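Below are the chains, spelled out letter by letter.
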Amino acid sequence: MDNFMNMTKDAGHTPELQRLTDLHAVFHDALNGKLILAPLNLEEPGKRILEAGTADGLWLRNVRSSLPSAASHQYFGSDIEAELFPAQPDGITYFQRSFNDPWPVNLKNTMDLVHLRGSLAGSSPNRPHDVIENLTTLVRPGGWVQLQEMNAFSTPENGPAMTDFARMVREAWTGIKVGDFANELKDMLEQAGLQNVQERRVLIEIGKTAKPEMRASSVNGVTSPIKPLSSIAKTVPSSFTEDQLDNMQARVREELENEGGKIEIIIAYGQRAQG
Ligand SMILES: C[S@@+](CC[C@H](N)C(=O)[O-])C[C@H]1O[C@@H](n2cnc3c(N)ncnc32)[C@H](O)[C@@H]1O
């Protein structure tokens, strides 16, 4: 995973943040604007909401702007990479922290919602299961944890390039020992002791088969991380040659632009028992 982080850092953070913005727009559209599936009552003011692996806090900012201004909640964003935080925190508390490490004692048992999206591969060399257990320590009794990841292990039917891309990601995740965490989100929340655990799966069209306003952003959101992911694939046992890994991004982009494709996202959420 260090390879991924170093490559996006070397490229400057702007392309990575643009990709996250594009992907966020695609998820937002696919979920009809409903970014929080966990059934907490956000009309009641004073909730505490934390996103781990927040990057520039786009999810937090969008959640806040989607709520009536009278619903004043407290927002916290943490990331291992503090350079990603916005220059102006604009009322959100950002702090640097790996989600592999124990959380500050003053935050434990205080959150109404803890959110993590697209970041669980960063558990390596720890297990995603340990990260989720650690996240639950932030939640107060009755509070929720919501997780979202892309399914790379039982993927929708796609063209040859997207099928190869999924195989490359499977090999990378297996190689860095995080495994099939997306399909295991629900089980891991239950194993961490959460109740009322629910899962939702959403298929999303990418590129040519997406609605026109989502075509370019969906292609950029899906293809931009392929180069850093290929660099991880080069460090683990792989069924691809170096050339095939180098060409992956261009092949997938061409296929998505000319034929289209699909991804599946998995969202799972669970509640800490009332005290
Ligand atoms: C794909 S981005 C997702 C960002 C954001 N959650 C979103 O959905 O737009 C993954 C984020 O996880 C962060 N990350 C990776 N490993 C981490 C770790 N061990 N602890 C905290 N953050 C981590 C990265 O720095 C990056 O900002």
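Thresholds, definitions, all that
- Residues numbered from 1 in each chain as written.
- Predicted model: local features only at pLDDT ≥ 70, side-chain atom pairs only at ≥ 80, totals over all residues.
- Heavy atoms only, no water.
- Near = heavy atom within 4 Å.
- Polar contact = N/O pair within 3.5 Å; in protein donor to acceptor, adjacent residues only side chain to side chain.
- Areas by Shrake-Rupley, 256 points an atom, 1.4 Å probe, with all protein chains shown as cover.
- Nonpolar A, V, L, I, M, F, W, Y, C, P; charged D, E, K, R; others polar.
- Buried < 20%, exposed > 50% of the residue type's maximum accessible area, 1.4 Å probe, protein only.
- Helix = DSSP H or I, 4+ residues; strand = E, 2+ residues; numbered from the N terminus.
- Pairing = 2+ DSSP bridges.
- Expected span 1.5 Å × (residues − 1).
- Bend = angle between axes of the 7 residues up to and from the residue.
- Contact = heavy atoms within 4.5 Å.
- Axes fitted to C-alpha atoms, helices over the stretch in contact; angles between N-to-C directions.

In the annotation of an unreviewed UniProt entry, the entry for the protein chain reads Methyltransferase SirN-like protein, and the organism field reads Pseudomassariella vexata.

Around the ligand sit 19 residues, and of these Gly-53, Asp-79, Ser-98, Phe-99 and Arg-117 come closest. Measuring from a nitrogen atom of the ligand, one finds a side-chain N or O atom of Ser-98 at 3.2 Å. In isolation the ligand exposes 600 Å². Once the protein is present, 92% of that is buried. Class assignment of the residues belonging to the shell around the ligand gives a composition of six nonpolar, seven polar and six charged.

This part takes up the pairing of strand E7 (residues 261–271). Counting buried residues along E7, ten of its eleven residues qualify, which places the element largely inside the surrounding structure. Bridge count between strand E6 (residues 195–206) and E7: ten bridges; the pairing is antiparallel. Of the residues in E7, the one forming a bridge with Glu-205 is Lys-262.

Further remarks concern helix H9 (residues 242–258). Each α-helix winds once per 3.6 residues, and so residues spaced three or four apart point in a common direction. Helix length check: H9, at 17 residues, gives a terminal C-alpha distance of 25 Å against a target of 24 Å (1.5 Å per residue), a fit within 8%. Roughly 45° is the biggest bend found in H9, and it falls at Met-248. Those residues of H9 lying buried are Leu-245, Met-248, Gln-249, Val-252, Glu-255 and Leu-256. Those residues of H9 that are buried are in contact with helix H5 (160–175), E6, helix H7 (215–223), helix H8 (226–233) and E7. Backbone geometry just downstream of H9 places Gly-260 in the positive-phi region, at approximately 90°.

Think of a sheet as strands paired side by side through backbone hydrogen bonds, with each pair either parallel or antiparallel. Strand order in this open sheet of seven strands is E3-E2-E1-E4-E5-E7-E6, and the pairing throughout is mixed. This sheet does not close on itself; its edge strands, each paired only once, are strand E3 (93–96) and E6. With strand direction ignored, the average angle separating the axes of adjacent strands in the sheet is 15°.

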